[in-house]
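Read off the chains here:
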Amino acid sequence: MKCQDCKEQDSTVKVTQIINNEKVVLNLCKECAAKRGFHSPLDNSPFPLANFLSGMMTKEVTGKDSKSVTVPDLTCANCGLTFSEFSRLGRFGCGQCYKTFRDQLQPLLRKIHGSSLHRGKLPPMLSEDATVIREQERLQEELKLAIDSEDFERAADLRDKLKSLIESSEAEESKEKENV
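Since this is a predicted model, take the numbers as computed values, not measurements.

## Brief notes about the overall build of the protein
Looking only at helices and strands, the protein features 7 helices and 2 strands. Going from the N terminus to the C terminus, the protein shows its helices and strands as β-β-α-α-α-α-α-α-α. Here the protein, with 180 residues, has 19% of them falling under the buried criterion. Restricting to contacts in the protein with at least 6 residues of sequence separation, those with at least 24 account for 33%.

## A few points about the packing of aromatic side chains
A complete count under the given rule lists 5 aromatic pairs for this structure. Ring plane angle 15 degrees and centroid distance 4.2 Å describe the contact between Phe86 and Phe92, whose orientation is recorded as stacked. For the pair Phe86 and Phe92, one class covers both residues: buried. Plain terms: the ring middles of Phe92 and Phe101 are 5.8 Å apart, the flat faces sit at 20 degrees to each other, and that makes the pair stacked. Across the pair, Phe101 and Phe92 agree in class, each one buried. An aromatic cluster is present here, built from Phe83, Phe86, Phe92, Tyr98 and Phe101 joined pairwise through their rings.

## Remarks on the pattern of salt bridges
Evaluation of the coordinates by the stated rule reveals 6 salt bridges. Across the pair Lys2 and Asp10 runs a salt bridge, and its minimum N-O distance is 3.5 Å. Classification of Lys2 by relative accessible area gives partly exposed; the value is 46%. Residue Glu142 pairs with Arg154 through a salt bridge whose shortest N-O separation is 2.3 Å.

## Re the confidence of the model for the protein
Mean pLDDT over the protein works out to 77, with 70% of the residues at or above the 70 mark. Note on residues 59-64: pLDDT under 50 across the span, and 2 contacts to partners over four residues away in sequence or across chains. Here residues 66-70 is modelled with pLDDT under 50, and outside its nearest four sequence neighbours on either side it reaches 2 contacts, counting other chains as well.

## Concerning unusual backbone geometry
In this structure, Asn20 takes a positive phi of about 55 degrees despite not being glycine. Tracing the sequence through the fold places Asn20 in the loop between strand E1 (13-19) and strand E2 (22-28). Judged by relative accessible area, Asn20 falls into the exposed class, the value being 74%. Phi at Glu150 takes a positive value of approximately 60 degrees, unusual for a residue other than glycine. With respect to the element layout, Glu150 can be found in the loop between helix H6 (124-148) and helix H7 (152-179).

## Description of the nonpolar core
Side chains that are nonpolar tend, in soluble globular proteins, to be buried together. If you look at the biggest cluster of nonpolar residues, it comprises 10 residues: Cys76, Leu81, Phe83, Phe86, Phe92, Cys94, Cys97, Phe101, Leu105 and Leu108. Contributions of two or more residues to this core are made by helix H3 (83-89) and helix H5 (102-113). With near-sequence residues (within four places) excluded, Phe101 lies in contact with Leu74, Thr75, Cys76, Leu81, Thr82, Phe83 and Phe92.

What counts as what
- Residues numbered from 1 in each chain as written.
- Predicted model: local features only at pLDDT ≥ 70, side-chain atom pairs only at ≥ 80, totals over all residues.
- Heavy atoms only, no water.
- Helix = DSSP H or I, 4+ residues; strand = E, 2+ residues; numbered from the N terminus.
- Buried < 20%, exposed > 50% of the residue type's maximum accessible area, 1.4 Å probe, protein only.
- Contact = heavy atoms within 4.5 Å.
- Phe/Tyr/Trp six-rings, centres within 6.5 Å; stacked < 30°, edge-to-face > 60°.
- Salt bridge = Lys/Arg side-chain N within 4 Å of Asp/Glu carboxyl O.
- pLDDT = per-residue confidence, 0-100.
- Core = buried A, V, L, I, M, F, W, Y, C linked by side-chain atoms within 4.5 Å.

Quick look at the structure:
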């Protein structure tokens, strides 16, 4: 999209103003935005994520047999961003950068998230835990209803099921902690 003022450069700044309950959207290039007095507060300060990412990406190699490894600086074919620029800036230039720098990002994602794969809204471990929690809540509700209706035999059965479920989930948790 071209700048609304100069109609020559691509717009890189989107300004949304609401004046008297009326929304006005301006798509401007950086120079025209500056002429109108709009500027990014992050222009003269480093992007905080950049320091974090560059710290995560640097590998310290120590020892008597350590060798200097030179990694070729990849460049995104779409926007021209190099991986070293990404390391310095902490942000990508376009969506294609994720595909271009995939091999370099996987170790970084593993460091940050513990995995480089996303497997849905809840990781499998959490989804199993959520099922157990929902079952506990269901049993507690049924137990309350049984007590309210004075069906004490059913309440005793539900109490035992609930106790068994809680004990088995606690045993699983302790086993997982031992494996970590």
